[in-house]
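An overview of the molecular structure
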Amino acid sequence: MQILGTVAELRRWSRKQRNAGHTVGLVPTMGALHAGHASLVRAARATCGKVAVSIFVNPTQFGPNEDYAKYPRTFAADCALAEAEGAHVIFAPSVEELYPAGAATFVDVEGLSGSLDGRSRPGHFRGVATVVAKLLIAAEPDRAFFGQKDAAQVAVLRRMVADLRLGTEIVVCPIVREGDGLALSSRNLYLSAAERTQALALSRTIRQVEALAADGERRAAVLLDAARQIFAAEPEIRVDYIELVDWATLEPVEAAVPGSLFAVAAWVGATRLIDNTILS
Ligand code: AMP
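Figured I'd write up the structure that's included with this text. (Residues numbered from 1 in each chain as written. Predicted model: local features only at pLDDT ≥ 70, side-chain atom pairs only at ≥ 80, totals over all residues. Heavy atoms only, no water.)

So, about the environment of Leu 244. Turning to its location among the elements, Leu 244 is positioned in strand β7 (residues 237–245). For Leu 244 and Thr 105, which are 139 residues apart along the polypeptide, the C-alpha to C-alpha distance reads 33 Å. Sequence-distant contacts of Leu 244, defined by excluding residues within four places in its chain, comprise Ala 220, Leu 223, Leu 224, Glu 251, Pro 252, Val 253, Ala 255, Ala 256, Ser 260, Leu 261, Phe 262 and Leu 279. (Helix = DSSP H or I, 4+ residues; strand = E, 2+ residues; numbered from the N terminus. Contact = heavy atoms within 4.5 Å.)

A separate point is the packing of aromatic side chains. Considering all chains together, one arrives at 3 aromatic pairs under this definition. Both rings, one in Phe 62 and one in Tyr 71, keep their centres 5.8 Å apart while their planes meet at 75°; by these two values the pair is edge-to-face. Of the two residues examined, Phe 62 and Tyr 71, each falls in the buried class. The ring of Phe 106 carries the charged tip of Arg 126 above its face, separated from the ring centre by 4.0 Å. (Phe/Tyr/Trp six-rings, centres within 6.5 Å; stacked < 30°, edge-to-face > 60°. Buried < 20%, exposed > 50% of the residue type's maximum accessible area, 1.4 Å probe, protein only. Lys NZ or Arg CZ within 6 Å of the ring centre and 35° of its normal.)

Summarising burial for strand β3 (residues 50–55): 5 of the 6 residues are buried, a large majority. By the bridge criterion, 6 bridges tie strand β2 (residues 24–29) to β3 in an arrangement that is parallel. Bridging from a neighbouring strand, Val 24 pairs with Lys 50 of β3. Tracing the backbone out of β2, into helix α2 (residues 35–47) and back to the parallel element β3 gives a crossover that is right-handed. Sheet topology note: the β3/strand β4 (residues 89–91) ladder contains 3 bridges and is parallel. When the sheet's bridge partners are listed, Val 53 is paired in β4 with Ile 90. (Pairing = 2+ DSSP bridges. Right-handed = clockwise from strand over helix to strand, strands pointing away.)

Just geometry here; none of it tells us what the structure is for.
Here it is, written out as structure tokens:
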């Protein structure tokens, strides 16, 4: 497995692979890799001849009071995991490589970027769209792999790839969970033992809403209320949002249809966690 640090090297590698007849898959990450990321690498390996994993803690998607400085950085372990899953390349650029001095170009997906996480994290999706655009332009992958865990991010990136006609297929992979239901997240490392238990309220909410929907309940008001009741029993948790939206537009819907996104975000202590389900 090669480790590349510059856009020019990544572009050269990718073009070489495609000239040799391989399809190229890209798995963008911020590192601190876990089994959720591993599932993306496996999905990429299953459908692409060559796979690059990018590891870059992107400063522009963090707000001024967020955890950029303390975000977990575990590069050696990340390389070992990526290699064990069969990645061919790690792309680990410096901040200066992706944001050259004087960088003034950003990608703003209007409307969508102000919904869900974008509402409580102003500028977050602008940072995400900008860095993913840079990665897709550099790597020119046939497919890029993202987790449903960040479902609003997927909506923003699908819109961006369509609007900019980047030509990369966006592949969305299922949420990987711990045995007790907690969605895997690099930020779970921040949780104390007590907070780890409290955090289960998020996945309980998801299961409850899935069960109601499976029984035929479609009304947003009822589904949202069921979720609110679960959080009401957890006074330690501060809810950021509980929403039922159209997955493409992120606009709230009155009634769930197949493909509607039910999503929650909540603060458990100082840690903000998210979870969601796509209703069937
Ligand atoms: P991150 O490193 O947190 O930016 O995540 C990189 C990619 O991994 C994103 O596409 C995430 O949606 C995905 N991801 C994170 N956690 C999970 C999970 N528990 N299951 C599946 N994919 C995940």
